[in-house]
Amino acid sequence: MLIKQAPDIRSSEITPERVYRNRRQFIQAASGAVAGAVAGGTVLGRYGGTLQAQEPIPGLRKSPLSTDDEPNSYEDITSYNNFYEFGTGKEDPARYAHEMSIDPWSVRVEGEMNKPAADVAIEDLLRPHALEERIYRLRCVEAWSMVVPWVGIPLGDVIKRFEPTSKAKYVKFETLYRPEEMRGQRARSLQWPYVEGLRMDEAMHPLAILAVGMYGKTLLNQQGAPLRLVVPWKYGFKSIKSIVKMEFVEEQPRNSWNVSIPSEYGFYSNVNPDVSHPRWSQASERRIGSFFRIRTEPFNGYADQVASLYDGMDLAENY
Ligand code: MTE
């Protein structure tokens, strides 16, 4: 892991002051910390020859909903990614995601809700909430997995503030569309912008979080900075990155992977060892960093908490 402390860094590498100040406000809002609490200095990480700023997030509490599994290394989590907006290779996001500017950042919230539609600055979106650390297993549909110490807030707490109406049956999310900064969007590997969705009861489940950090610092761009979804009982592609829009809708939205290859990717995408992907088995997975395969658990090991959401549904049919 290549971490440099601020004093060693050339001035050309330092985050512009305006960006740094905005980030600081966002973190202070996010952590509920008093002004000046982020005085510990900027820690900058260098990946694939690029530089991105991360900020330590103070005052984190640990969530009892964390897994006991050993987290993957910081290096693994930030260098082996899926973020097709920057290319289809696992190293592409770490190499190119710094080309996306994330400051300022706002989220458009609209649809079937009592509050008026609005562009909500990320600082305002996070301000009322206390951030916490949640260690989750992330199981990718490609049959690998990681354990990540996320920093985030329950998605349901954010949704409640906008008072969705009874017509709001689903929540639809969109990623930033900015092909000049996201080189993968200049190719047609997927339909852009990336779209994902959850049924309202899934979105309100306490395990679903909006993440803004990991390993106690703000997210790197390749991980979906500054704001991404994490839904631990579903395949990783449901955990949409760099969210700019959240919409409460009546109809089930079509998610990007389902639009691209409907025979292989459905809407629900619950981790299910009994339902093979048409081209490979889902019965086992390889934890990144380990040579051995382990058995995949139904709902990625979260069955006790979430299986009841799907009572009466045929999960082979609703994959
Ligand atoms: N979100 C966007 N916008 N674009 C993507 O290509 N890939 C998904 C998901 N979110 C993706 C995305 C997939 S396939 C996975 S497995 C996870 O992000 C990977 O998250 P990670 O890179 O943080 O491990």
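Above this text sits the structure in question.
Asks: Account for the site of the ligand, with residues named and values stated.
Replies: Close contacts around the ligand come from 14 residues, with Tyr-84, Glu-85, Arg-228, Ser-239 and Lys-241 the closest. The side chain of Thr-175 places a nitrogen or oxygen atom 2.9 Å from a nitrogen atom of the ligand. One nitrogen or oxygen atom from the main chain of Ser-239 is found 2.9 Å from a nitrogen atom belonging to the ligand. A total of 530 Å² of accessible area belongs to the ligand in isolation, and the protein chains cover 98% of it. Taken together, the residues that form the shell around the ligand break down as six nonpolar, five polar and three charged.

Asks: An account of the packing of aromatic side chains is requested, with residue identities and associated values reported.
Replies: With the rule as written, the count across this model stands at 12 aromatic pairs. Judged by centre distance (4.9 Å) and plane angle (90 degrees), the rings of Phe-83 and Phe-86 are edge-to-face. Judged by its relative accessible area of 3%, Phe-83 is buried. With a relative accessible area of 1%, Phe-86 lands in the buried category.

Asks: Outline the sheet that holds strand β9 (residues 170-175), supporting the account with residue identities and numerical values.
Replies: Read from one edge of the open sheet, five strands run β6-β5-β14-β9-β10, paired in mixed fashion. Single-partner strands in this sheet number two, and they are β6 (118-121) and β10 (195-199). Neighbour-to-neighbour, the strand axes of this sheet turn through a mean angle of 20 degrees, independent of strand direction. Both strand β5 (residues 106-111) and strand β14 (residues 243-249) contribute to a ladder of four bridges, which runs parallel. Counted as the bridge partner of Arg-108 is Lys-245 from β14.

What counts as what
Residues numbered from 1 in each chain as written. Predicted model: local features only at pLDDT ≥ 70, side-chain atom pairs only at ≥ 80, totals over all residues. Heavy atoms only, no water. Near = heavy atom within 4 Å. Polar contact = N/O pair within 3.5 Å; in protein donor to acceptor, adjacent residues only side chain to side chain. Areas by Shrake-Rupley, 256 points an atom, 1.4 Å probe, with all protein chains shown as cover. Nonpolar A, V, L, I, M, F, W, Y, C, P; charged D, E, K, R; others polar. Phe/Tyr/Trp six-rings, centres within 6.5 Å; stacked < 30°, edge-to-face > 60°. Buried < 20%, exposed > 50% of the residue type's maximum accessible area, 1.4 Å probe, protein only. Pairing = 2+ DSSP bridges. Helix = DSSP H or I, 4+ residues; strand = E, 2+ residues; numbered from the N terminus. Axes fitted to C-alpha atoms, helices over the stretch in contact; angles between N-to-C directions.

Function cannot be read off these values alone, since they describe shape.
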